[in-house]
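# Analysis of the macromolecular model
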Amino acid sequence: MFTLLLTFFFTMSLVAQITGYVDSVEIHRTDTIYFDFGSDELTEQSAAAVASLAADRPGELELYLEGHTDAVGSDALNDALAERRSQNTLAAALAAGWPADAVEIRHFGEKRPIIKTTDREWRNRRVLLRSGLPKRYARFRGRITDEAGNPLAGGVIAHGRYLQDTARSNDEGEYTLFLPLDEAIRLDVYARNHFFSSHTLTLEAASATDTALVTRLETAAVGSKISVPDLYFVGNRRDLLKESLPVLPRLLQFMRTSPEIRIELAGHVNSPGDKQGPGSWQFRLAEGRAKLVHDYLLHFGIPASRISYRGYSNFEMIYPKARGENEMRANRRVEIRVLSSGVID
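Description of the structure in this document. (Residues numbered from 1 in each chain as written. Predicted model: local features only at pLDDT ≥ 70, side-chain atom pairs only at ≥ 80, totals over all residues. Heavy atoms only, no water.)

### A closer look at helix H4 (residues 281-299)
- Here H4 spans 26 Å end to end across 19 residues, near enough to the 27 Å set by a 1.5 Å rise per residue.
- Along H4, the residues classified as buried are Gln-282, Phe-283, Leu-285, Ala-286, Gly-288, Arg-289, Ala-290, Val-293, His-294, Tyr-296 and Leu-297.
- Elements that come into contact with the buried residues of H4 comprise helix H3 (247-257), strand E14 (262-267), strand E15 (307-311) and strand E16 (334-340). (Helix = DSSP H or I, 4+ residues; strand = E, 2+ residues; numbered from the N terminus. Expected span 1.5 Å × (residues − 1). Buried < 20%, exposed > 50% of the residue type's maximum accessible area, 1.4 Å probe, protein only. Contact = heavy atoms within 4.5 Å.)

So this is what it looks like as structure tokens:
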């Protein structure tokens, strides 16, 4: 007997979890170009790299340039050389179409070497180019607990347009992340021997507060099952909908976080009417959907001894008389069924 647990994604505009701010840049691209000894002239290869960066400017990105030298020569001469390298790189970027009002330029001479040496070193003779979007980040606090509110040691993965960051919770289940304001962010929350959960949120500027986002995770006990959130299939096919592809890595992380767990992947179809048993196209389709997820986990290193799959045809439709695309899509699903785990009763 399996107990069904439903886990939902939800979108919200959060204010209460912001406890401070920091200004930073979301980096879109980083390039480094190198110079001949004593020279401030761009090589043909360097000029091509600058042109490539200038052509890759989605949105209102800004350009940040840093000029550097090796340690041969005086500080004053190297400062001047680093400045000329930055200015010549800027000229190449402007000639390639980068707007002049979206540039910040600095030079450090020999003060920030990649390789610490007083000799000639080509890797120190460089200009670093970064394109990015100036952003204000919020200090975001969250807490991971079980169903009863007891703290869990777990982890959080944050995904945004240019962002991917992780955090671990402490003994009180608390974690802190710096997240960009006014941008959709997905938080995937995990803890050992618990089902994962996800939040989609947008942080808005507000005054500081001590309230944290609490994520309560369901225990992955033997006999429990969960419909994998947002894992949906094309009608009458075993192919995932495009928007469901990012769900597979979350399931993989769940299996990696809980190495004691052994699961069955249960495939289902939307087919109102009489139940269709082995040999029917409905049964084969349900099995094929479960096998698709099984093969993905197998490909990325989950041992075959920990995962099995089975088709349930149209035996267990959530909506036996589905009306509308949303209900039909909910019937076309794969569930996780826990066969064994590290949970001690």
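Once the structure has been displayed, the description carries forward.
### A word on helix H1 (residues 44-55)
- In this model, H1 (12 residues) spans 17 Å end to end at C-alpha, consistent with the 16 Å of a helix rising 1.5 Å per residue.
- Looking only at H1, the buried set comprises Ser-46, Val-50, Leu-53 and Ala-54. Viewed end-on, H1 has its buried residues packed into an arc of 100°, placing them on one side of the element. In H1, the exposed positions angled more than 90 degrees off the buried face are occupied by Glu-44, Gln-45 and Ala-55. (Arc of directions from axis to C-beta.)

### A word on the side chain of Arg-126
- For Arg-126, the location among the structural elements is in strand E6 (residues 126-146).
- An unpaired buried charge is present at Arg-126: no salt bridge exists, and Glu-66, the closest side chain of opposite charge, is 5.9 Å distant.
- Engagement of the side chain of Arg-126 in a polar contact is seen with the backbone oxygen of Arg-112, the distance being 2.8 Å.
- In contact with Arg-126, other than residues within four places in its own chain, are Thr-32, Ile-33, Tyr-34, Phe-35, Glu-66, Gly-67, His-68, Arg-85, Arg-112, Pro-113 and Ile-114. (Lys, Arg positive; Asp, Glu negative; His and termini not counted. Salt bridge = Lys/Arg side-chain N within 4 Å of Asp/Glu carboxyl O. Polar contact = N/O pair within 3.5 Å; in protein donor to acceptor, adjacent residues only side chain to side chain.)

### Here we look at the nonpolar core
- Ranked by internal contacts, the top residues of the largest apolar core, which has 28 residues, are Leu-231, Leu-251, Phe-254, Leu-265, Leu-297 and Ile-336.
- Of all the elements in the fold, those that place two or more residues in this core are H3, E14, H4 and E16.
- Looking at this core, the element that brings in the most residues is H3, giving 6 residues.
- Here Leu-265 is in contact with Leu-251, Ala-290, Val-293, His-294, Leu-297, Ser-308, Tyr-309, Arg-310, Val-334 and Glu-335, once residues within four sequence places are set aside.
- Listed in part, the 20 residues of the second largest apolar core include Phe-140, Val-156, Ile-185 and Leu-203. (Core = buried A, V, L, I, M, F, W, Y, C linked by side-chain atoms within 4.5 Å.)

Purely geometric numbers; function is a separate question.
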